[in-house]
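Per-entry structural report
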Amino acid sequence: MKDISNSKAALALRIILAVLLGLTFSSPVVAASNGDARGQDQFGLRDYAVRHVLRIGTAVDVNALQNEEQYRQVLAREFNSVTPENVMKWDTIEPVRGQLNFEPADQLVDFARRHGQMVRGHTLVWHSQLPSWLTNGNFTNQELEEILRQHIYDVVRHFKGKVYSWDVVNEPLNEDGTLRDTIWLRALGPDYIAKAFRWAHEADPHAKLYINDYNIEWIGPKSNGMYELVKSLKEAGVPIDGVGFQGHLGIQYGFPGDIQQNMQRFADLGLDVALSEVDVRMILPVTQEKLTTQAEYYRRLMDACLNVRRCVSFTVWGFTDAHSWVPGFFQGQGAATIFDENYQPKPAYFALKDELTERSGRPQGKHYRTE
Ligand code: 9MR
């Protein structure tokens, strides 16, 4: 993979810029170039996020990372956190039992190291993207428990010191807030969640450990289920550090207006919170009006995160419409990210930047980490 910059010099320059930005509250945004379409300034979102002690991240498609120079450039310029979109999932890591394939994930980790980006690990325990040797293996419950424990140890140990947080358990809930019926629930019982966190903590005591789900952005049965779950985990002394709110929204569904209040109640349990997979889809075709509404959704999500002191990271699930899971999963929908298919920033990009620019920084807490 070709690198795009002399990383040490670039990193040093970025740190100097970030410090300068952190000291001044007025924005150095360069004036509009033509009409409403503003030009981009020389700073990335990451340069504005540092003053809020906020990680701004994206999911990364490793094929695009390997093959597209423009993808690498925007990724390096805009973000200080990355999440592998697929390559740390079980079916990639261990397609054949006992043969571990860390190569694509290692490439991303290496890119992140060279560009001063932290890595959110995704994901250790999930019901989806499991290798077929596992799902078709007819294993006993005890064997499945041993397989899961070994998987968590293998993966977390391999990335120890390189991955700063893990989505340990992904999407464990039904829409009514009860536990989803999965291979793990069947084999280990409801305790699989606590066990997974304990094993991950044993493998890397310094990693921040998250539970992550979708449709928990607003207060309702599913987020109430999540609230009760993490509360009981905390009370039982399970090493859980945070809750990821995925944030897969669509402008046709309306904005979850109570998201700030919702995230705050989790923070009040003594947990970090993160917006972990944000995208805002729309029914195609794209119109200017829809893009404006979409921008407002992104802005309000950022606003909610900045208003919750323990909201430590904001991650978009892909940054360009050229590489987004949305059109493949929702027929007739798309345009969910902040850059268009030609890597041109959309109103949503400027909305995030404005929100980060116009607000003063948050006080730094002990549990936050900067570069
Ligand atoms: O974006 C991912 C897509 O490329 C994969 O095909 C899909 C497989 O299930 O997973 C997508 O990412 C999901 C993430 O891992 C968990 N939350 C929902 C995301 C979108 O489906």
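Residues numbered from 1 in each chain as written. Predicted model: local features only at pLDDT ≥ 70, side-chain atom pairs only at ≥ 80, totals over all residues. Heavy atoms only, no water.

This part takes up the packing of helix 11 (residues 221-235) against helix 12 (residues 259-267). Two elements in contact, helix 11 and helix 12, have axes separated by 10 Å at closest approach and are oriented at 10°. With respect to helix 12, the element helix 11 is oriented roughly parallel. The way helix 11 lies across helix 12 gives a crossing that is right-handed. Residues Ser223, Asn224, Met226, Tyr227 and Val230 of helix 11 pack against Asn262, Arg265 and Phe266 of helix 12. (Axes fitted to C-alpha atoms, helices over the stretch in contact; angles between N-to-C directions. Helix = DSSP H or I, 4+ residues; strand = E, 2+ residues; numbered from the N terminus. Parallel < 35°, antiparallel > 145°, perpendicular 65-115°, else oblique. Left-handed = near helix turned anticlockwise from the far one by under 90°. Contact = heavy atoms within 4.5 Å.)

Look at helix 15 (residues 347-358): 16 Å from first C-alpha to last across 12 residues, which is about the 16 Å you get at 1.5 Å a residue. Counting buried positions along helix 15 yields nine of 12 residues, so the element is predominantly enclosed. Among the residues of helix 15, Ala348, Tyr349, Phe350, Ala351, Leu352, Lys353, Glu355, Leu356 and Thr357 are the ones counted as buried. Considering only its buried residues, helix 15 is in contact with helix 2 (45-49), helix 4 (69-78), helix 13 (288-307) and strand 9 (311-316). (Expected span 1.5 Å × (residues − 1). Buried < 20%, exposed > 50% of the residue type's maximum accessible area, 1.4 Å probe, protein only.)

Turning our eyes to something else, we now look at the pattern of salt bridges. Evaluation of the coordinates by the stated rule reveals 17 salt bridges. In this structure, Arg114 and Asp110 form a salt bridge, with 3.2 Å as the shortest nitrogen-oxygen distance. Within this pair, Arg114 and its partner Asp110 are both found in helix 6 (residues 103-114), separated by four residues, close to a single helical turn. A relative accessible area of 29% places Asp110 in the partly exposed class. Linking Glu355 and Arg359 is a salt bridge whose minimum nitrogen-to-oxygen distance equals 3.5 Å. Residue class for Glu355 comes out buried when judged on its relative accessible area of 6%. (Salt bridge = Lys/Arg side-chain N within 4 Å of Asp/Glu carboxyl O.)

This paragraph deals with the confidence of the model for the protein chain. This prediction gives the protein chain a mean pLDDT of 91; 87% of its residues lie at or above 70. Predicted confidence is poor over residues 1-5, with pLDDT under 50, and the contacts of this stretch with residues over four places away or in other chains come to 15 contacts. (pLDDT = per-residue confidence, 0-100.)

Attention now goes to the site of the ligand. Around the ligand, the structure places 15 residues, and the nearest of them are Glu85, Lys89, His122, Glu171 and Glu277. A distance of 2.4 Å is found between an oxygen atom of the ligand and a side-chain nitrogen or oxygen belonging to Glu85. Here a nitrogen atom of the ligand sits 3.2 Å away from a polar atom, N or O, in the side chain of Gln246. With the chains in place, 82% of the 450 Å² that the ligand exposes on its own is no longer accessible. Of the residues in the shell around the ligand, the class split is four nonpolar, seven polar and four charged. (Near = heavy atom within 4 Å. Polar contact = N/O pair within 3.5 Å; in protein donor to acceptor, adjacent residues only side chain to side chain. Areas by Shrake-Rupley, 256 points an atom, 1.4 Å probe, with all protein chains shown as cover. Nonpolar A, V, L, I, M, F, W, Y, C, P; charged D, E, K, R; others polar.)

Of all six residues in strand 5 (residues 208-213), five are buried, a share of seventy percent or more. Pairing geometry for strand 4 (residues 165-170) and strand 5, over five bridges, is parallel. What sits directly across from Val169, in strand 5, is Ile211. Where strand 5 meets strand 6 (residues 242-245), four bridges bridge the pair, whose relative direction is parallel. (Pairing = 2+ DSSP bridges.)

Omega for the bond connecting His122 with Thr123 falls within 30 degrees of zero, at 0°, which places this linkage in the cis form. Checked against the element boundaries, Thr123 lands in strand 3 (residues 118-125). In this structure, Pro285 follows Leu284 across a cis peptide bond, with omega equal to 10°. Along the polypeptide, Pro285 turns up in the loop between strand 8 (272-283) and helix 13. The residue Tyr343 is not glycine, and still its phi comes out positive at about 65°. A relative accessible area of 6% means that Tyr343 is categorised as buried.

Right, let's talk about helix 6 for a bit. Between its first and last C-alpha atoms helix 6 spans 17 Å; for 12 residues at 1.5 Å apiece the expected length is 16 Å, and the two agree. Those residues of helix 6 that fall on the buried side of the exposure criterion are Pro104, Ala105, Gln107, Leu108, Val109, Phe111, Ala112 and Arg114. Gly116 sits one or two positions beyond helix 6 and adopts a positive phi of about 60°.

Now for the state of the cysteines. All told, the structure shown has one disulfide when counted by the stated rule. Put simply, Cys305 and Cys311 are joined by a disulfide, and their sulfur atoms are 2.1 Å apart. For the disulfide bridge between Cys305 and Cys311, the dihedral angle about the S-S bond is near -100°, and by the sign convention the bridge is left-handed. Assigned by exposure class, Cys305 and Cys311 land together as buried. (Disulfide = S-S within 2.5 Å.)

On to the side chain of Gln333, then. As for its position among the elements, Gln333 is in strand 10 (residues 333-334). Among the polar contacts made by the side chain of Gln333, one reaches the side chain of Gln252 at a distance of 2.9 Å. Apart from residues lying up to four places away in sequence, Gln333 is in contact with Gln252, Tyr253, Arg281, Met282, Ile283, Leu284, Val326 and Pro327.

Core analysis: the largest hydrophobic core is formed by 107 residues, its most contacted members being Phe159, Trp166, Trp184, Ile211 and Phe314. Here the element with the most residues in this core is helix 13; it accounts for nine residues. Ignoring sequence-local partners within four residues, the contact set of Phe159 consists of Met88, Ile93, Phe102, Ala105, Asp106, Val109 and Trp166. (Core = buried A, V, L, I, M, F, W, Y, C linked by side-chain atoms within 4.5 Å.)

Taken N-terminus to C-terminus, the directions of helix 13 and helix 15 make an angle of 30°; their axes are 8 Å apart at the nearest point. By the criterion of interaxial angle, the relationship of helix 13 to helix 15 is roughly parallel. Where helix 13 crosses over helix 15, the two elements pack in a sense that is right-handed. Together, Gln288, Leu291, Gln294, Ala295, Tyr298, Arg299, Met302, Asp303 and Leu306 of helix 13 and Pro347, Ala348, Ala351, Leu352, Glu355 and Leu356 of helix 15 make up the contact between the two elements. Here the residues of the contact of helix 13 with helix 15 sort into 10 nonpolar, two polar and three charged.

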